[in-house]
Structures are given as C-alpha cells and as structure tokens.
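Take a look at the letters that make up each chain.
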Amino acid sequence: MKIYVPGDAAAKALGADDVARAVVTEAAARGVEVTVVRNGSRGMIWLEPLVEIVTDQGRMGFGPMLVADVPALFGDAEAHPKALGLVEELPWMKRQTRLTFARVGVIDPLSLAEYELHHGLKGLRRAIAMEPAAIVQEVTDSGLRGRGGAGFPTGIKWKTVHDAQAPQKYIVCNADEGDSATFADRMLMEGDPFTLVEGMAIAGLAVGATKGYIYTRSEYPDAVSQMQKAIEIARAAGVLGASVLGSGRAFDMEVRVGAGAYVCGEETSLLNSLEGKRGVVRAKPPLPALEGFMGRPTVVNNVISLASVPVIMDRGAAFYKHFGMGRSHGTMALQIAGNVRFGGLFETAFGLSLGEIVDDIGGGTASGRPVKAVQVGGPLGAWFPRELFDTPFTYEDFAAKGGLIGHAGLTIADDTVDMLKMARFAMEFCAIESCGKCTPCRIGAVRGVETLDRIGGGDASGIPLLTDLCETMKSGSLCALGGFTPYPVMSALTHFPDDFTATHKEAAE
Amino acid sequence: MPLDESAVLSRVNEILAEHNGMEGPLLPILHAIQESFGHVPQAALPVIAQHLTLSRAEVHGVMSFYHDFREQPAGRHVLKLCRAEACQSMGADRMAEHAQRRFGIEWHETTKDGAVTLEPVFCLGLCACAPAAMVDGRLVGRLDEARLDALAEELR
C-alpha cells in the first residue's frame, strides 16, 4: 500500500506529521505493509492534511485528515467520511494549468528518479546541447517575466549577464519570499526542489555562471533543509558539479539563509546581505546584471521565474508563450490567502478576472461574510474593492488600476476589516523594515503612521498631508519598500474613504 | 548562568574556521554562533571582526540590522506569532492580545520564569491557513484561543 502524506510546511502546521505517524502505527497494528511518501502539497490548503492512497484508478484523496480519521483508511476507503475521490479529477485541480508546479504534490520531492520520470532534467539536457546565446534567446522568446513582482523580461536580464565579460558570474535565486499571502516559493522548494536546481543550472549554462546561491528565509526552515538535501542529491548524481550531466561545464550552488529582514527581498539589499553586509539597498545603476554579487555580473531571479525555465526549455518557448493574455505570457501561481474559504495555490494562465479568482476559485470568505477588499501583491500591493473585480490578472491591467500583481499573492478580507488600520499597518511595517538608506522611506513611514493616527483621531486635515507624503515616498524612495508602501495606503484611502472619516471612528466606538 | 568567555571564544574560533573560504560568510557565521549559544555573545564580535578584517562596528552593524540575531538569550521556548495581513484578516491581532494577556508580556519580552519569549513575525508562508504561529521551529496553522491556551500549557 502506498500512501502520500504531505510534508509541506502548511500541511505540517495542520497536523500532517501526526497523521503520517498514525498511518505507520495503524498499518503496523493491522500487519499491512505501507510505504508513506511525504510529498509536497497539491495546493488545496483547506483540505490539508490531504492524504492520498494509490489505487488502480489513480490517487484517491482524503482530507482534511485528523489522526482519528486514519484507521478508517484501512477499511472501505471509498466509504471514508473524508473521501474526496480521485485528486486529479477535483475541480480545483482540473481547472489549473500546471506548468511550473506540475510535479508539486505529485512526486516524492527528493527522488531524482521520480523527477526524471515526470520530465525532469529534459530542459537541462536540451540546454546542454545548445549554444548559451540560444538558451537566452529561447527564454526571451517565451515571454517569461520576473515572477517576483517587477515583471522584467527574464531573457533580457540574462542577455545582459551573458554579454558581460568577467572572470566570475553568478546566479542568485531570490527566495526571500517575505510578502504576506505568498507561499509559492516555499511550496516549490519543499515540494519540487529539483526544478529550482535545474532552472538555476540552465541559467548558469546560459550566461556563463558557475556558481549559484539561493537566498531564502529563516522563517522557512523546511524549505531550507529540503533545498539543501536536493542540492546534495543533485551533486552526487552529477547534475551539479564540475561537469553538469557530463557536459564538461561546471555549475554548483548553495543555500544561504537570511535573518528576518523583509527588505532583503529587494535584489540589491539581498546582494548586500549575501555578501555579509547590512541589507541596505544599493542605488541603481550599476545594475546587478553588471555589478551584482561581489561586484560581478549576476542574474537575480525569483524562485518561480527560475523554476519556470525547465518547462520552457523542455516544451519550447512557443508552447509557454501561448498561455496568458496581452504582454503577460505563460502561467502565474496564484496564492489565495487570508479570509478565504478555499485558500491555496492555483496555477493558471494570466487573464482571469480578480472576481473569478476571489469568488469563484476562492469561494469567498472563510467567515461567510461579504468580501470587502483584496490586497493583491503582498504588503506593498493595492487593496482592491469589489468595484474593480473585473480587472484581468495581468501585469498591465493591474498597473492600469493603480495596483500591481507582485508575486501573485491575494489577501482577502471580509467586511469587518478597518481600512484605516490596514493603511496604518502598511506605514508601520515600512517603518520597522526600512533599511534606512533613503529619507522618504525611513522618515516618511514614521510620519505616515503619525498622520494616520491624526486622521483616525478625527482630524481630516491629515488627509491631504498623507496624500502628499505618499507622493513623495512613491517618487523619492530608492526601492519598492518606500516606493510602493503608498499603494496599500492610497488604495485604502481612495476606495474606502468612509473608513477614514470621524463618523466612522465614532460608529466603531 | 553566564557563559565562560574562554569556552565561548574557542567555539567561536571553531565556527570561524568552519566558514573559511566562503564568499560573504558573516551571516552564516552569526547564525552558527546563535545556534550554539542561543544568542550572539558580545565577546564574539571583536573575534569575528578581526578574523574577517572588518571593524567591530561593522560586525555590530550587521548583527543589529537583522531581527533574528539576539544579544541576550531568549526564554526556553520562543513563540512567534505572525502579524502580517493575511493572518490579520483571520484574527491575528486577537491572537496577539490573547497571548500577551495569557503570558503577561509584550512583544520581545520573556516571562518571569524564563519559559517563553514572545516574538512577532512577518509571514511564515502559511497564509492560506491563517493565523499562523511558530513554536521553537514547529509550525501551527489555524491558530485560535483554545489552541493557544493548549500551547501555553505545553510551554510552561
């Protein structure tokens, strides 16, 4: 009997380790031989821990599982009260286009053999047979843009590094996924770490870099250990090392762990941190592509950007590019979070409307109350009211509505949310996390908190001041922390002005 | 119990030796020291500085930049509660108040008996099963008052 019990951090946070132990104990008591595989999560977090049993028809799902539900798995499984049917046939799964996350939740994350059975290493093998410039061209042609949030064309960045002359170049994977409502990087690193290894190796071959770093978070201990194990396995198998898959070309990599500074998700701050310095933002130019880690040409890409490269190299640029809408090509791993009924990761082509994502896929709020606002793109993203739910999920459409898609995290909030409080939180967060290098961010965020407190106290004269301050922060800050904090603040003020009036405060008291 | 300074320095020197040849080794070194002692002892800073040919101020500057590094040991257990937006939308503020009341401490403080240190954290990546917490490296999703009380009993 083969049983999958996710080892994903979210599944573990919901009791998956206890369930896995119970499966082993119960099987032993019954004298049943069982193989337990700790797979990644399928992304249906509301069903976690989601246990799967391999049957002749396919993988049958059961969830959300409690320890008490385990014994019945060994009886008439189809009659189990938590039986969900075939996992692949669930509507949530069937509606997705899983390219980057094709293997997450499916395979044993640390089995290189299973990885290869599911098309793993095909992209890297094809890349090895190509000229570096042709790899860069393929990625450019795919239309892939930075999935960390900035949306810069990945191929263009690679070309800059490819064309640069230097004795040493680097691939740095930005896995400092600090935005609230985002967990795609974590899920991929835990559920299919070889994809990231392969993507980084391809990037290395393409630009002539022999060393890669994954900079991730201390808040992600499971992802850290999973990546470290995967790298060791890949090295032992000759996927990494002095001769990648026998190509005669070198590439190796290691994991580095941050230390709880949100701003280190900004690429230049990340590079400083990786060098062992304070995570202070650097002015650009010089671009990291020319003077990055240790002053050398460096590709800095998000986890999902790099993890999308293997499928692009395997299936070809045209295959990937035909998904999506407008200039937003390919798929995006939506992370639907917060006060939501069906929360989790949903990979789909660009172009769904925000309303479809929130109401249809997410099923509305967990509390059952009306959705009031959705913050798209993390703590630096704008809050969207229901009136903007027809906005298609693309880089351009969200920018046109005064927002951004960022790393595609969505925080759903019901009608009990106080938008003035959320605006204040955004400023407070910026004040705590500011690296201190530029004045608009360092001082502006503190003044922003004070001004919002004035407004909250009923002083409407603070509103024009806040607006002006946001304008200064937006145009005067060195990086996205100070520059984008105005998004949540101004969107809250613009779309929910009632929350910023004295009458609102009185009503609340 | 105060740490024996010579024991600290000998362990620090071991850690420094383990990181020889590494590019940008300061964060890994500080992490390793904190893992050994539960905090970064002040006595370690000049030794690190000399080894990496940095000034002591630079090492202090790096250490104090990052939330993770402690100058003082934490309690026997560290309870981290997520304060980010997704968790807030599911009652993280209420959880924080409950924890502060239950333990009688504010953020970054340790209970008088040294059992629990309470820390805020901004995102554990458990945003679809909020509110989330981390107890000594163990993750907890869908936290509620009852779960928090049970944890409090466990951590005494």
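Thresholds applied
- Residues numbered from 1 in each chain as written.
- Chains lettered and ligands numbered in written order.
- Predicted model: local features only at pLDDT ≥ 70, side-chain atom pairs only at ≥ 80, totals over all residues.
- Heavy atoms only, no water.
- Salt bridge = Lys/Arg side-chain N within 4 Å of Asp/Glu carboxyl O.
- Helix = DSSP H or I, 4+ residues; strand = E, 2+ residues; numbered from the N terminus.
- Buried < 20%, exposed > 50% of the residue type's maximum accessible area, 1.4 Å probe, protein only.
- Domains from an automatic or database assignment.
- Contact = heavy atoms within 4.5 Å.
- Buried area = accessible area lost by both parts, 1.4 Å probe.

Student: So what about the pattern of salt bridges? Which residues, and what values?
Tutor: All names here are of chain A. What the rule picks out here adds up to 43 salt bridges over all chains. Here Glu190 and Arg186 are joined by a salt bridge, their closest N and O atoms 2.8 Å apart. Here Glu190 and its partner Arg186 are both found in helix H8 (residues 184-191), 4 residues apart, which amounts to about one turn of the helix. When sorted by exposure, Glu190 lands in the same class as Arg186, which is buried. Notably, a salt bridge pairs Asp359 with Arg386, separated by 3.0 Å at the nearest N-O pair. One end of the pair, Asp359, is in helix H14 (residues 354-361); the other, Arg386, is in the loop between strand E15 (383-385) and helix H15 (395-400), and 27 residues separate them in sequence. The partly exposed category is assigned to Asp359, whose relative accessible area is 32%. On the accessibility criterion, Arg386 (39% relative accessible area) is partly exposed. Overlapping salt bridges, with partners in common, bring together Arg42, Glu52, Arg59 and Glu88 in one network.

Student: Before we move on, could you go through the domain arrangement of chain A and cite the residues and values that matter?
Tutor: All names here are of chain A. Taken domain by domain, chain A consists of domain 1 (2-95), domain 2 (112-322), domain 3 (326-414) and domain 4 (419-504). Centre-to-centre separation of domain 2 and domain 3, based on C-alpha positions: 26 Å. Taken together, the contact between domain 2 and domain 3 spans 22 residues of the former and 24 residues of the latter. The contact between domain 2 and domain 3 buries some 1700 Å² in all, and 59% of this surface belongs to carbon and sulfur atoms. On the domain 2 side of the contact with domain 3, Arg145, Arg147 and Ala181 bury the most area, a combined 33% of that side's loss. In this structure, the connection of domain 2 to domain 3 is made through 1 salt bridge. The shortest N-O distance in the salt bridge between Arg145 and Glu396 comes to 3.0 Å.

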